[in-house]
Amino acid sequence: MPTWLKATAPLFLLAVLVFAFLRVGPLGVFRAAFPPVEELTVERITLPRPAEMRVHVINGGPEPVTIAQVLVDDAVWGHVVDGGKTLERLASRVISIPYPWVQGEPHVVKLISSTGLTFEGTVAIATQTPSPDARYVITFALLGLYAGVIPVFLGLLWFPFLRTVRREWLDFFLCLTIGLLLFLGAEALAEAFETAARVPRAFQGLGVILLGALATFLALGAFGRQRARAGGGHQALYVATLIALGIGLHNLGEGLAIGTSYATGEIALGTFLVVGFLLHNTTEGLGILAPLAKERPTLGQLAWLGTLAGVPTIVGAWIGGFTSSAVWTTLFLAVGAGAIAQVVVELWRLFAKRAEAGGLTSPRNVAGLLTGLVIMYATGLLVPA
Amino acid sequence: MKGDAVGTTERRTPKLTRRELLKAGALGTVGLAASGTAFALQSPAPGASHASTRDTTGHGSHDDMTTVGELERGLFDPTNFLTRFDTGRVSRLPSGQTLREYELDAAEIEVEVAPGVFFPAWAYNGQVPGPTLRCIEGDRVRVYFKNSASHPHTIHFHGVHASNMDGAFEVVAPGGRYTYEFDAEPFGLQLYHCHTVPFKRHIHKGLYGVFIIDPREGRPLAMELVMVMNGFDTNFDGENEVYAVNTVAFHYQKHPIVIRQGELVRVYLVNVTEFDLVNSFHLHGNFYKLYRTGTSLAHYEWTDNVMLCQGERAVLEFTYKHPGPFMFHAHQSEFAELGWIGLFLVEESLRV
């Protein structure tokens with residue numbers, strides 16, 4: 001038997017079996033009288049103008065679902081579906097409802113399927129949904145600027161200070177960076193799990209997290225190893241770039257979350273929130289610098305690192321503000337978590353190479369790591385979102 | 001119709017009656033040609049411009065608050081149900097007493113409670129509510145009950161009868177039969193329903209119907225309508241998703257009940273709504289004589305709104321002074337917005 005046949009025989013039989021099942025239909029025990037399991041997910045509700053709601057739904061369940069009627073705030077309401085009322089598996093629709101929503105108040109949309117099951121979506125606080133025009137592009141850019149770019153660049157201004165720090169105290173700052181990153185990574189992962197709960201079941205939120213986080217972690221690790229073998233230049237700058245990338249991916253996810261929350265009226269861009277993000281994210285700049293303290297990076301290189309870490313917040317805010325999908329937000333957050341995990345590994349490697357650093361048995365290093373965590377926790381108190 | 005109103009409404013009509021005409025449009029062939037002019041020309045209240053506010057704020061139109069589409073399976077017609085009475089197979093007993101025999105069969109069916117929304121119901125004679133049984137005070141009533149469903153059921157009649165005719169203890173197993181027999185008393189608006197545990201499920205799934213015992217001397221001649229206020233918990237979470245009179249949400253809003261100006265209308269109103277403590281009936285542009293449980297020929301109150309507890313009934317009598325479309329609905333706004341709302345279309349009568 002040729003190898004290719006050995007490799008494909010099970011697949012071939014599987015295909016035959018699947019075909020037979022689809023042709024003949026369910027057999028014996030599978031042929032039950034119970035009603036089909038229906039599952040519709042409301043992905044997003046937008047309010048493009050007064051007296052109009054748009055409900056974006058996707059069928060994430062195993063069976064087709066027919067939208068029979070629509071209720072808004074416990075009132076049956078007229079509506080138009082942009083396509084057939086029956087959604088096949090993974091099909092999506094937009095339902096337009098001429099409902100006079102009220103500025104600043106919550107609303108609940110309930111879809112009744114043909115079998116009488118109901119699927120809900122909520123508008124936390126009604127406010128007209130931003131349309132991608134110049135005004136909102138700028139608004140979201142500013143949102144990202146405040147939350148990501150400015151803090152990171154502010155943090156980079158610690159560079160002159162770091163250069164004056166003595167070697168053993170530099171280890172303190174490296175450990176502090178590890179603490180910061182651990183906090184950010186855990187935060188990204190937790191948020192990923194949170195959004196995964198809103199992912200339509202067919203798209204398997206957990207699978208998205210595993211794939212996104214592990215693939216990023218492993219790919220970055222393999223890339224680093226390749227690079228080291230090739231004798232690729234500047235190790236410290238590489239690690240700094242990696243940190244910036246990890247933080248950037250984390251900030252992309254954060255931007256997505258902020259953009260979505262802002263667009264759906266869940267948060268207002270108040271002074272408190274901006275101040276919170278400024279304090280919370282400024283330490284990210286410090287983290288990027290830590291491995292570079294004894295190097296001589298050019299201003300251009302520093303600017304590039306700051307951009308890499310900060311600007312994704314703006315991109316995230318745009319995506320989150322104008323589209324928003326639980327699947328993509330989950331994926332970005334998971335990718336961020338995976339990247340940060342790899343950065344922590346690289347940092348640790350850089351650190352552990354030097355035996356005199358003392359690892360995590362040195363009280364100073366432990367203090368550094370804990371300080372990193374405490375800073376993130378304390379400034380996190382200022383970010384209500 | 002007042003002649004002097006015709007000239008002025010030429011100008012106002014497009015704005016003012018747009019809403020009414022849209023509704024009338026849903027009438028289809030039912031009486032529109034006959035009645036369309038009658039209400040399009042009625043004089044509006046000064047300053048009334050309900051429909052015009054919609055153009056700026058989106059508020060104010062009833063057109064949007066309704067179901068989308070028409071019933072997909074026309075198995076049950078609520079309009080037909082209004083005036084359909086089952087007076088039984090009539091014969092005379094040796095004693096001279098009138099015997100009325102009815103057959104009721106409990107089965108499992110699917111009921112379309114709103115266009116495209118199918119509810120797995122339990123029903124007497126394949127309809128929810130079951131057939132309206134009607135007899136005269138003092139008649140001998142005999143009901144042959146057959147349980148064709150997969151759960152045990154009974155029929156519990158409201159009225160005066162022997163314990164073993166009460167449908168409370170003699171549970172009829174699937175495939176089983178039982179014959180209920182009693183003298184019809186007292187006269188009034190009664191009801192019947194299944195009395196098997198769990199009660200909530202057996203009743204709310206549809207095992208109920210109206211049982212009218214007419215007084216010996218009869219009631220004045222009238223246009224008689226049976227209205228059963230019911231609700232459906234389509235997702236079985238202990239709350240009704242859909243409310244209606246006679247099962248189909250918004251049916252009489254889309255298909256108004258045509259009555260005549262000056263004509264006596266009698267509504268046999270029964271509340272079988274589950275999960276909610278009370279239901280109510282509010283009539284627009286009119287007041288009605290209220291006969292609680294219909295057990296007295298003297299009316300109890302003259303009102304335009306009555307509250308009925310679960311299982312409570314009332315007979316309402318009214319006559320319309322003005323032609324045009326008039327709403328009737330639960331005065332619980334929530335119930336109205338979830339389907340319990342309808343329209344009387346009062347046709348102008350030349351006799352008035």
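Just above, that's the structure.
Remember, it's a predicted structure, so these values are computed and weren't measured experimentally.

Visitor: How should I be thinking about the environment of Leu308 of chain A in this particular structure?
Guide: Residue and element names in this part refer to chain A. With respect to the helices and strands, Leu308 occurs in helix H8 (residues 299-310). On the basis of relative accessibility, which here comes to 18%, the residue Leu308 falls in the buried class. When the C-alpha positions of Leu308 and Ala91 are compared, they lie 36 Å apart, and in sequence the two are 217 residues distant. Excluding anything up to four places from it in sequence, Leu308 contacts Thr241, Ala244, Leu245 and Gly248.

Visitor: Just to check I follow, could you spell out the packing of aromatic side chains for this structure?
Guide: How two aromatic rings sit relative to each other is given by the distance of their centres and the angle of their planes. Residues and elements named next belong to chain B. Scanning all chains against the criterion turns up 31 aromatic pairs over all chains. Note on Tyr124 and Tyr192: the rings are 5.4 Å apart at their centroids and 55° apart in plane angle, and the pair reads as tilted. Separated by 68 residues along the polypeptide, Tyr124 in strand E4 (residues 117-124) and Tyr192 in strand E9 (residues 188-193) bring together distant segments of the chain. Both residues of the pair, Tyr124 and Tyr192, count as buried. Taken together through their ring pairs, the aromatic side chains of Tyr252, Phe281, Tyr288, Phe318, Tyr320, Phe326, Phe328, Trp340 and Phe344 make up a single cluster. When the ring centre of Phe119 is taken as reference, the NZ or CZ atom of Lys205 above it lies at 5.9 Å.

Visitor: Honestly, the side chain of Thr196 of chain B in this entry has me stumped. Any pointers?
Guide: Residue and element names in this part refer to chain B. Its place among the elements puts Thr196 in the loop between E9 and helix H6 (199-204). Polar contacts involving the side chain of Thr196 include one to the main-chain amide nitrogen of Thr154, which spans 3.4 Å. When neighbours within four sequence positions are excluded, Thr196 is seen to be in contact with Pro152, His153, Thr154, Val171 and His202.

Visitor: Sorry if this is basic, but what is going on with the sheet that holds strand E5 (residues 80-81) of chain A here?
Guide: Two pairing modes exist for strands in a sheet, parallel and antiparallel, and in both the strands are linked by backbone hydrogen bonds. Residues and elements named next belong to chain A. Taken together, the four strands give an open sheet; going across it, the order is E1-E2-E7-E5, and neighbouring strands pair in antiparallel fashion. The sheet is open, and its two edges are formed by strand E1 (40-49) and E5, each paired on a single side. With six bridges joining them, strand E2 (residues 52-59) and strand E7 (residues 92-97) adopt antiparallel strand pairing. Within the sheet, the bridge partner assigned to Met53 lies in E7 and is Ile97.

Visitor: What is the right way to look at the packing of helix H5 (residues 205-229) of chain A against helix H10 (residues 326-352) of chain A in this model?
Guide: Working note: a packed helix pair is described by the angle between its axes plus the distance between those axes. All names here are of chain A. For the pair H5 and H10, interaxial distance at closest approach is 7 Å and the crossing angle is 35°. Regarding H5 and H10, the two cross each other, and that crossing is right-handed. For the pair H5 and H10, the contacting residues are Gly205, Val208, Ile209, Gly212, Ala213, Thr216, Phe217, Leu220, Gly221 and Arg225 in the first and Val327, Thr330, Leu331, Ala334, Val335, Gly338, Ala339, Ala341, Gln342, Val345 and Arg349 in the second. By residue class, the composition of the contact of H5 with H10 is twelve nonpolar, seven polar and two charged.

Visitor: Which parts of the structure should I look at to understand the interface of chain B and chain A?
Guide: Buried accessible area, meaning the area lost when the parts come together, often serves as the stated size of an interface. Facing 21 residues of chain B, the contacting portion of chain A comprises 21 residues. For the pairing of chain B and chain A, the buried interface totals around 1,700 Å² over both sides, and the portion due to carbon and sulfur atoms is 57%. Along the contact surface separating chain B from chain A lie zero salt bridges. Scanning the region where chain B abuts chain A turns up ten residue pairs in polar contact (both at pLDDT 80 or more). Mapped by element, the contributors of at least two residues to the side of chain B that touches chain A are E4 and helix H8 (333-337) of chain B. Across the side of chain B that touches chain A, the residue classes break down as nine nonpolar, eight polar and four charged.

Visitor: Would you mind going over helix H9 (residues 312-322) of chain A with me for this structure?
Guide: An α-helix turns once every 3.6 residues. As a result, residues three or four positions apart point the same way. Residue and element names in this part refer to chain A. Burial within H9 is extensive, with eight of its eleven residues counted as buried. Every buried residue belonging to H9 is among Pro312, Thr313, Ile314, Gly316, Ala317, Gly320, Gly321 and Phe322, and all of these are buried. Against E1, helix H2 (134-156), helix H6 (235-263) and H8 lie the buried residues of H9.

Visitor: Quick question: what am I supposed to make of the sheet that holds strand E19 (residues 313-319) of chain B here?
Guide: Residues and elements named next belong to chain B. Strand order across the open sheet formed by six strands is E12-E11-E14-E19-E16-E17, with mixed pairing between neighbours. Each edge of the sheet is formed by a strand with only one pairing partner; in this case those strands are strand E12 (242-245) and strand E17 (301-303). Looking at each pair of strands side by side, their axes are set apart by 25° on average, direction ignored. Pairing geometry for strand E14 (residues 264-271) and E19, over seven bridges, is antiparallel.

Visitor: I tried to follow the state of the cysteines on my own but got confused; where do I start?
Guide: Between two cysteines, a covalent bond joining their sulfur atoms is known as a disulfide. Residue and element names in this part refer to chain B. For the coordinates displayed, the defined rule picks out zero disulfides over all chains. Take Cys309: it sits in no disulfide, and the sulfur closest to it among the cysteines is that of Cys194, at 19 Å. For Cys309, a relative accessible area of 38% translates into the label partly exposed.

Visitor: Just checking my understanding: could you explain the pattern of salt bridges for this structure?
Guide: Here the idea is simple: oppositely charged side chains can pair when their charged atoms come close. Residues and elements named next belong to chain B. The full count for this structure, using the stated rule, is 19 salt bridges over all chains. Glu101 is the salt-bridge partner of Arg142, the closest N and O atoms lying 3.6 Å from each other. Taken as a pair, Arg142 in strand E6 (residues 140-147) and Glu101 in strand E3 (residues 98-114) lie far apart in primary sequence, 41 residues in all. With respect to burial, Arg142 and Glu101 carry one shared label: buried. Here Glu224 makes a salt bridge to Arg266, at a shortest N to O gap of 2.6 Å. One end of the pair, Glu224, is in strand E11 (residues 223-232); the other, Arg266, is in strand E14, with 42 residues separating them in the sequence. Relative accessible area serves as the criterion here: at 14%, Glu224 is assigned to the buried category. Beyond isolated ion pairs, a larger network of salt bridges with shared partners links Arg89, Glu101, Glu103, Arg140, Arg142, Glu181 and Asp183.

Visitor: Is there a simple way to think about the pairing of strand E21 (residues 341-347) of chain B in this case?
Guide: On a regular strand, each side chain points to the face opposite its neighbour's, so the side chains alternate between the two faces of the sheet. All names here are of chain B. When you tally the buried positions in E21, you get seven out of seven residues, the bulk of the element. Burial along E21 is two-sided: the face carrying Ile341, Leu343, Leu345 and Glu347 and the face carrying Gly342, Phe344 and Val346 are both buried. Of the strand pairs in this sheet, strand E13 (residues 257-260) and E21 are connected by four bridges, and their pairing is parallel. Paired with Arg260 across the two strands is Glu347, which belongs to E21. Here six bridges tie strand E20 (residues 324-329) to E21, and the two strands are oriented antiparallel to one another. Paired with Pro325 across the strands is Leu345, a residue of E21.

The rules behind the values
Residues numbered from 1 in each chain as written. Chains lettered and ligands numbered in written order. Predicted model: local features only at pLDDT ≥ 70, side-chain atom pairs only at ≥ 80, totals over all residues. Heavy atoms only, no water. Helix = DSSP H or I, 4+ residues; strand = E, 2+ residues; numbered from the N terminus. Buried < 20%, exposed > 50% of the residue type's maximum accessible area, 1.4 Å probe, protein only. Contact = heavy atoms within 4.5 Å. Phe/Tyr/Trp six-rings, centres within 6.5 Å; stacked < 30°, edge-to-face > 60°. Lys NZ or Arg CZ within 6 Å of the ring centre and 35° of its normal. Polar contact = N/O pair within 3.5 Å; in protein donor to acceptor, adjacent residues only side chain to side chain. Pairing = 2+ DSSP bridges. Axes fitted to C-alpha atoms, helices over the stretch in contact; angles between N-to-C directions. Left-handed = near helix turned anticlockwise from the far one by under 90°. Nonpolar A, V, L, I, M, F, W, Y, C, P; charged D, E, K, R; others polar. Buried area = accessible area lost by both parts, 1.4 Å probe. Salt bridge = Lys/Arg side-chain N within 4 Å of Asp/Glu carboxyl O. Disulfide = S-S within 2.5 Å.

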